[in-house]
Amino acid sequence: SVDKGLPSNAVQVWQLANGDAGRVVNYSIRQDHASVPSWMLVTPAIWEMSMRRSSARDGLPLNWQLLGDGLRALHANQPRRAIVEAFTALEITVREAIQKRVEQCGDQEVANVVIKRQVTLGPLLKISRDLGIILPDDLSAPVVALRNKAVHSGILPSLTETLTVWQATRDFMQQQSPLPS
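Residues numbered from 1 in each chain as written. Predicted model: local features only at pLDDT ≥ 70, side-chain atom pairs only at ≥ 80, totals over all residues. Heavy atoms only, no water.

**Q** An account of the environment of Val-151 is requested, with residue identities and associated values reported.
**A** Inspection of the secondary structure puts Val-151 in helix α6 (residues 141-153). In this structure, the C-alpha to C-alpha distance between Val-151 and Arg-81, residues 70 residues apart in sequence, is 8.8 Å. Once residues lying within four places of it in the same chain are set aside, the contact partners of Val-151 are Arg-80 and Val-84. (Helix = DSSP H or I, 4+ residues; strand = E, 2+ residues; numbered from the N terminus. Contact = heavy atoms within 4.5 Å.)

**Q** Go over α6, please, and point to the residues and values.
**A** With 13 residues, α6 ought to run about 18 Å at 1.5 Å a step, and its terminal C-alpha atoms sit 17 Å apart, in line with that. All of the buried residues along α6 are Val-143, Val-144, Leu-146 and Ala-150. Along α6, the residues classed as buried sweep out an arc of 150° about the axis, all on the same side. For α6, the exposed residues lying more than 90 degrees away from the buried face are Ala-141, Pro-142, His-152 and Ser-153. (Expected span 1.5 Å × (residues − 1). Buried < 20%, exposed > 50% of the residue type's maximum accessible area, 1.4 Å probe, protein only. Arc of directions from axis to C-beta.)

**Q** Which residues make up unusual backbone geometry, and what values go with them?
**A** The backbone phi angle of Asn-77 is positive, close to 60°, even though this residue is not glycine. For Asn-77, a relative accessible area of 63% gives the class exposed.

**Q** Tell me about the nonpolar core, residues and numbers included.
**A** Grouped together as the largest cluster of nonpolar side chains are 33 residues, with contacts concentrated most on Leu-67, Phe-87, Leu-90, Val-94, Ile-98, Val-165 and Phe-172. Where this core is concerned, the elements lending two or more residues are α2 (62-75), α3 (79-103), α5 (121-130), α6 and α7 (159-176). Ranked by residue count, the leading element in this core is α3, at 10 residues. Residues contacting Val-94, with those up to four places away along its chain left out, are Leu-124, Leu-125, Ser-128 and Phe-172. (Core = buried A, V, L, I, M, F, W, Y, C linked by side-chain atoms within 4.5 Å.)

**Q** Quick rundown of the packing of α3 against α6? Include the residues and the values.
**A** Running from N to C, α3 and α6 point in directions that differ by 125°, and their axes come no closer than 9 Å. Taken together, α3 and α6 sit at an angle that is classed as oblique. Between α3 and α6 the crossing geometry is left-handed. Along its contact with α3, which presents Arg-80, Ile-83, Val-84 and Phe-87, the element α6 presents Val-143, Val-144, Leu-146, Arg-147, Ala-150 and Val-151. A breakdown of the residues in the contact of α3 with α6 according to their chemical character gives eight nonpolar, no polar and two charged. (Axes fitted to C-alpha atoms, helices over the stretch in contact; angles between N-to-C directions. Parallel < 35°, antiparallel > 145°, perpendicular 65-115°, else oblique. Left-handed = near helix turned anticlockwise from the far one by under 90°. Nonpolar A, V, L, I, M, F, W, Y, C, P; charged D, E, K, R; others polar.)

From the geometry alone we can't say anything about function, so treat these as descriptive.
Rendered as structure tokens:
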């Protein structure tokens, strides 16, 4: 848990085991957090949820694991890997969104046929739009082309392009497949 009474530059980390809690360590956090983009900050609610799930040995859903891997790759200045991880997370989320939408029609067999078709990301995005699933504007054909260049031609995307893809993927995932709490 996070002790909200501590000064803003320290966070206590607690270990939860068998219902017992014990303080592990105090961590100091950077004071210049104003220079860090807000999308990179971990809120106390996210921290608490993460600790609770970790203590219960619950893993994150695969799409969120991949998006986190993409962010780590971005920080490690590996834009190609960041793009691949983000788009893999996006593809999983799009397939889940399509399946949910088709299942709402009440026919599981049709949902299985539609979702199990071997289509690439571009057609998946078109199917999503056709089904009325709202996608961020940043997930357009040029962005898919950027992914294809990175994967198939080895052309490295810029940091700005990579960050745009990562953020658009995160936004879509938060809309369609929010982090479990």
